[in-house]
Amino acid sequence: MQDFGELAFAERKNGSGANWMQLSRQMKKIDLPDGYYEQYHPYIKSHESELLDMFLENMPGFENYKTSMESDVKNAMNKNRLLLSENEQTVYYGVMACAMQREGIR
């Protein structure tokens, strides 16, 4: 993830900008197998607090919502991803990205 951020920043600095729409279209073509995200749930459960702290590093001013976010993560891991509330979706995928960064993408 850091590499992607560094590359995007370098593109922006060089004036060419990032081509997000093309990347988005390519990413939408990828069909992940059922249960893909669930392989990270044990790691998230055992490192939930530190993953939330990591997620909150990019959201200054939201630290007071950490308790609510803990509930959102727990609820999201027990639901069908298509039925997540907006908050659950934001927190779940944010924490999932942090877990994938720590554990590596499988």
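Residues numbered from 1 in each chain as written. Predicted model: local features only at pLDDT ≥ 70, side-chain atom pairs only at ≥ 80, totals over all residues. Heavy atoms only, no water.

1. Describing the environment of Ser46
- Along the chain, Ser46 turns up in helix 3 (residues 41–46).
- Looking at Ser46, the relative accessible area reads 53%, which means it is exposed.
- There is a polar contact of 3.0 Å between the side chain of Ser46 and the side chain of His47. (Helix = DSSP H or I, 4+ residues; strand = E, 2+ residues; numbered from the N terminus. Buried < 20%, exposed > 50% of the residue type's maximum accessible area, 1.4 Å probe, protein only. Polar contact = N/O pair within 3.5 Å; in protein donor to acceptor, adjacent residues only side chain to side chain.)

2. Focus on the pattern of salt bridges
- Evaluation of the coordinates by the stated rule reveals 5 salt bridges.
- Among the salt bridges present, the one from Glu48 reaches Lys74, with a minimum N-O distance of 3.2 Å. Of this pair, Glu48 sits in helix 4 (residues 48–56) while Lys74 sits in helix 5 (residues 66–77), and the two are 26 residues apart along the sequence. (Salt bridge = Lys/Arg side-chain N within 4 Å of Asp/Glu carboxyl O.)

3. Comments concerning the nonpolar core
- The biggest cluster of nonpolar side chains holds 23 residues, and the ones touching the most others in it are Ile44, Leu51 and Val95.
- Of all the secondary structure elements, the ones that give two or more residues to this core are helix 3, helix 4, helix 5 and helix 6 (86–103).
- With 7 residues, the top contributor of residues to this core is helix 6.
- Setting aside chain neighbours within four positions, we find Leu51 in contact with Tyr43, Ile44, Val95, Cys98, Ala99 and Arg102. (Core = buried A, V, L, I, M, F, W, Y, C linked by side-chain atoms within 4.5 Å. Contact = heavy atoms within 4.5 Å.)

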